[in-house]
Structures are given as C-alpha cells and as structure tokens.
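Observations on the model geometry
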Amino acid sequence: DLAKSPTVPGASERLLADLGIPTLYPADPQQILDLGLHAAAMSRASGLWVALKISTDVADGSMTVDLTPGRVVPAGPVRAVDHVVTATLLQPMLGVLERSRDGERRQAALDYAARNKLDIVTAHGARDRIGIVSAGPTFLHVREALRRMGLDDSELARRGVRLLQLGMIEPIEPRTLN
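Counting of residues starts from 1 at the beginning of each chain's written sequence and follows it residue by residue. The predicted origin of the model limits local features to residues at a pLDDT of at least 70 and limits the giving and counting of side-chain atom pairs to 80 or more, whereas totals for whole chains, interfaces and linings rest on all residues. Where side-chain values are given, they derive from all heavy atoms of the structure, hydrogens and water being excluded.

A look at helix H5 (residues 136–148)
In this description a helix means any DSSP run of H or I spanning at least four residues, a strand means any run of E spanning at least two, and both kinds are numbered starting from the N terminus. How far a helix is expected to stretch is found by multiplying one less than its residue total by 1.5 Å. Across its 13 residues, H5 extends 19 Å between first and last C-alpha, which sits within 8% of the 18 Å expected from 1.5 Å per residue. Think of it in three bands: residues with accessible area under 20% of the maximum for their type are buried, residues over 50% are exposed, and the middle band is partly exposed, with areas taken using a 1.4 Å probe on protein chains only. Taken together, the buried positions of H5 are occupied by Gly136, Pro137, Phe139 and Leu146. Check the buried side of H5 and you find it contacts helix H3 (56–59), strand E3 (120–123), strand E4 (130–135), helix H6 (153–158) and strand E5 (161–166). Just downstream of H5 lies Gly150, where phi reads positive at about 85°. Note on contacts: a residue pair is in contact if any heavy atoms of the two residues lie within 4.5 Å.

Rendered as structure tokens:
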C-alpha cells in the first residue's frame, strides 16, 4: 500500500487557505528540498504553520538533487512578529489569534516569500503583454509545451510573453504579479 487511493481524488488547498496556512508548491524533488527549507524558515519568521503541496507525480517521481551545503540560505524576517503560542482557543484569545494570523503573521509570510523570491519569473522582456502563471509540476508541463512549439525563453521575451512560476500558491504575493 502506498498510502494513497487512485480511486478517490482529494485536494486540501482550499482548507489550508481557510485555515490561513501558507502553501508552497514544489514542481520536482529538488524543489521539495528547497521549498521545504523555506517552509521551515517561513514558519519561524511568521509564526504560522506552512504546508507543502506535493502532487502524486512529484511524490512518486525521482531525480538527482543538489545537496550542496548552503545552497539555500533563507533570508530572515525584516522585523520579528510578536506571536505568543497558546492552547487557549476561546474568546477573547481566539479573536486575537485570528486577527494576528490574518494580519501581521500573514504579511510576514508574504514578505518572506518576496525577500526569498519564492515566485520565479523565468521569461520576460521589456514589452511583455501576456503573462502565463502556473505552479508546481504544471509549470514544467507548460514549459515543455512551449518548448515543443519552438518557444524558448528568448523567443517568449521577443513576443512579449512572461512566464511566472508560483512557489507559494497561498497567499499569492501581489508584488510578483506586477
């Protein structure tokens, strides 16, 4: 048993979003390692749990990965988030926790994603008119489809097409979309 069911599809992205849990979406085993390090650092920086969405094709896949020490060096927070961990989940403490989760701690996660460039623009030019946004393994599928059409990064840039790979799918860092 591989601890999964091919007959019952499931997804937890909306639940994670409703719970205010930032979600990172790796495209391959290398990104599982890289984004996993960022998930731990983002959690420390924001005081939030951070999830990794790992699709079946990535979980069941394999590849050679780079384990060079210091390959991923997360940039820490600009300022500390004042968050006290508590098991008191009744009012008035629950309201304080929810406001903190949806306010300063969410912003700390967004700031962390921006500082560490978790979202990657891989093709762009000075006159971009079209943007293609995808995440996880879908991004790799889009890249392959474009390559098969003869559209490498330089050709996409010439045609005014920008590619964006979201590393964090919830919340989406708005400055990345500019």
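So, unusual backbone geometry
Note the cis peptide between Gln91 and Pro92, where omega equals 10°. One can find Pro92 in the loop between H3 and helix H4 (93–115). Cis geometry is adopted by the peptide bond preceding Pro171, which originates at Glu170 and carries an omega value of -10°. Position of Pro171 among the secondary structure elements: in the segment after strand E6 (168–170). Here the phi dihedral of Lys117 falls at roughly 50°; this positive angle occurs in a residue that is not glycine. Position of Lys117 relative to the elements: it lies in the loop between H4 and E3. With relative accessibility at 62%, the residue Lys117 sits in the exposed group.

What to know about the sheet that holds E4
Strand order in this open sheet of three strands is E3-E5-E4, and the pairing throughout is mixed. Of all the strands in the sheet, the pair left with one neighbour each is E3 and E4. Pairwise comparison of adjacent strand axes, ignoring direction, gives a mean angle of 25° for this sheet. If DSSP finds at least two bridges between two strands, the strands pair. Of the pairings in the sheet, the one linking E3 to E5 comprises three bridges and is antiparallel in character. Across the sheet, residue Ile120 finds its bridge partner in E5, namely Gln165. The angle between two axes is taken between their N-to-C directions and runs from 0 to 180 degrees, where each axis is a line fitted to C-alpha atoms and a helix contributes only its stretch in contact.

Some points on the environment of Asp34
Here Asp34 lies in helix H2 (residues 29–46). Taking the C-alpha atoms as reference points, Asp34 and Ala87, separated by 53 residues in sequence, lie 31 Å from one another. If near-sequence neighbours (up to four positions away) are discounted, Asp34 is found in contact with Arg71 and Val72. As used in this structure description, the phrase polar contact means that two N or O atoms lie within 3.5 Å; if the pair is within protein, one of them must be able to donate a hydrogen and the other to accept it, and residues adjacent in sequence are counted only when both atoms belong to side chains. Polar contacts involving the side chain of Asp34 include one to the side chain of Arg71, which spans 2.2 Å.

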